[in-house]
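Observations on the model geometry
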Amino acid sequence: MAPYTLTYFPAKGAAEIARLVLACAGVEYDDKRVTGQDWASTEKSKSPTGGAPFLTTDYGNFSQSLAIARYLANKHGLGGKSDEERLKADMVVETLKLDIAQKFMTAHFEKDEERKKTMGNEARDKAETLLGLLNSNCVSASGFFLDSGISWADLMLFNIFTDLLPLASASLGVTLTLDNYPRLKKVYDNVAEEPKVKKWIEIRPQSQF
Ligand SMILES: N[C@@H](CCC(=O)N[C@@H](CS)C(=O)NCC(=O)O)C(=O)O
């Protein structure tokens, strides 16, 4: 039996970072994709905080996408090799996910068109500043964020620029690329060339989100 079950919708969404970690680490798991109906009738009540994704382990069910991805990364060699590397990985992940991607997603879901445009522009400006800082201050000579090599922070950069931002950017009419951030672009390309990640991108179920 696979050691983990990851329960989410038939989508990349908030679960894809955990799937990328598991793929990159070469860990078997049950990638359980449930309908909205199954979620409401049986699955939601299994999530400790009522949200998807949740991870089932021998110790029970655990929710919150970042906590799940961090746990899996630390457990399977993608969290950093020291406390300081783990701190750096968390710092980069929070910047990418909470300060950049989340702002785009909030703007993407805004109903008021005028407000949505303003929020999209603000998200882009903030993202450009933060990407500049990550590019200058946070990439190691290893070609990844950490000196020790690939970690879940690199996978988060890849996830955001492959899966999350293209969707939000299209709906907001703003473009955000890594073209002006050569060190980040190198990290992205190095992740894309990682054989196990490459394989996952080829075989993963197709979905718009
Ligand atoms: N902060 C949580 C958010 C969880 C969340 O709101 N997930 C959405 C899907 S992306 C969900 O569960 N929607 C269905 C529901 O709330 O019942 C995380 O990152 O896991």
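This write-up is about the structure you can find in this document. The written sequence of each chain sets the order in which its residues are numbered from 1. Residues qualify for local features only when their pLDDT is at least 70, as the model is predicted, and side-chain atom pairs are given and counted only at 80 or more; totals for whole chains, interfaces and linings, by contrast, use all residues.

Attention shifts here to the sheet that holds strand S2 (residues 30–33). Spatially, the four strands line up as an open sheet ordered S2-S1-S3-S4, and their pairing is mixed. On the outer flanks of this sheet lie S2 and strand S4 (60–63), each paired with one strand and no other. Pairwise comparison of adjacent strand axes, ignoring direction, gives a mean angle of 20 degrees for this sheet. Between any two strands, pairing holds if DSSP finds at least two bridges. Elements are defined by DSSP. Helices are runs of H or I of four residues or more, strands are runs of E of two residues or more, and each kind is numbered from the N terminus. Simply put, an axis is a line fit to the C-alpha atoms, just over the touching stretch for a helix, and the angle between two N-to-C directions goes from 0 to 180 degrees.

Right, let's get into the environment of Lys 103. Within the secondary structure, Lys 103 sits in helix H4 (residues 83–108). By the C-beta count within 10 Å, which is 20 here, Lys 103 ends up buried. Counting along the chain gives 65 residues from Lys 103 to Ala 168, while the straight-line C-alpha distance between them is 9.7 Å. This entry defines residue contacts through backbone-placed C-beta atoms, with two residues in contact when those atoms are within 7 Å. Those residues within four positions of Lys 103 in sequence are excluded, and the remaining contacts are Ala 123 and Lys 126. Buried means a residue has 20 or more other C-beta atoms within 10 Å of its own C-beta, exposed means 12 or fewer, and partly exposed covers the counts in between; C-beta atoms are placed from the backbone.

What follows deals with the packing of helix H6 (residues 152–172) against helix H7 (residues 182–193). At a minimum axis distance of 9 Å, the contact between H6 and H7 shows a crossing angle of 90 degrees. Between H6 and H7, the angle falls in the class roughly perpendicular. Taken together, the residues of H7 that come into contact with H6 (itself represented by Asp 154, Leu 155, Leu 157, Phe 158 and Phe 161) are Leu 184, Val 187, Tyr 188, Val 191 and Ala 192. Note on residue categories: nonpolar means Ala, Val, Leu, Ile, Met, Phe, Trp, Tyr, Cys or Pro, charged means Asp, Glu, Lys or Arg, and polar means any other residue, Gly included. Residues belonging to the contact of H6 with H7 are distributed by class as follows: nine nonpolar, no polar and one charged. In these notes the angle categories are as follows: under 35 degrees is roughly parallel, over 145 is roughly antiparallel, 65 to 115 is roughly perpendicular, and the rest is oblique.

Helix length check: H7 (twelve residues) gives 16 Å between terminal C-alpha atoms against 16 Å at 1.5 Å per residue, within 8%. Residues of H7 that are buried include every one of Leu 184, Val 187 and Val 191, and no others. Viewed along the axis of H7, the buried residues span an arc of 55 degrees, placing them on a single side of the element. The outward face of H7, more than 90 degrees from its buried face, is lined by the exposed residues Pro 182, Asp 189 and Glu 193. Of the surrounding elements, those touching the buried residues of H7 are helix H5 (113–137), H6 and helix H8 (195–203). Take the residue count of a helix, subtract one, and multiply by 1.5 Å to get its expected span. Think of it as the arc spanned by the lines of direction from the helix axis to the C-beta atoms.

What follows deals with the nonpolar core. If you look at the biggest cluster of nonpolar residues, it comprises 53 residues, and the most contacted ones within it are Ala 18, Val 21 and Trp 152. If you list the elements that add at least two residues to this core, you get strand S1 (5–8), helix H1 (16–25), strand S3 (54–57), helix H3 (65–75), H4, H5, H6 and H7. The element that contributes the greatest number of residues to this core is H6, accounting for twelve residues. Domain limits in this description derive from either an automatic procedure or a database domain assignment. Structurally, this core is a two-domain feature, drawing no fewer than three residues from each of domain 1 (5–75) and domain 2 (83–193). With residues near it in sequence (within four places) discarded, Val 21 still touches Ala 69, Leu 72, Ala 73, Leu 78, Trp 152 and Leu 155. Here, a nonpolar core denotes buried Ala, Val, Leu, Ile, Met, Phe, Trp, Tyr and Cys residues that are linked to one another through C-beta atoms within 7 Å.

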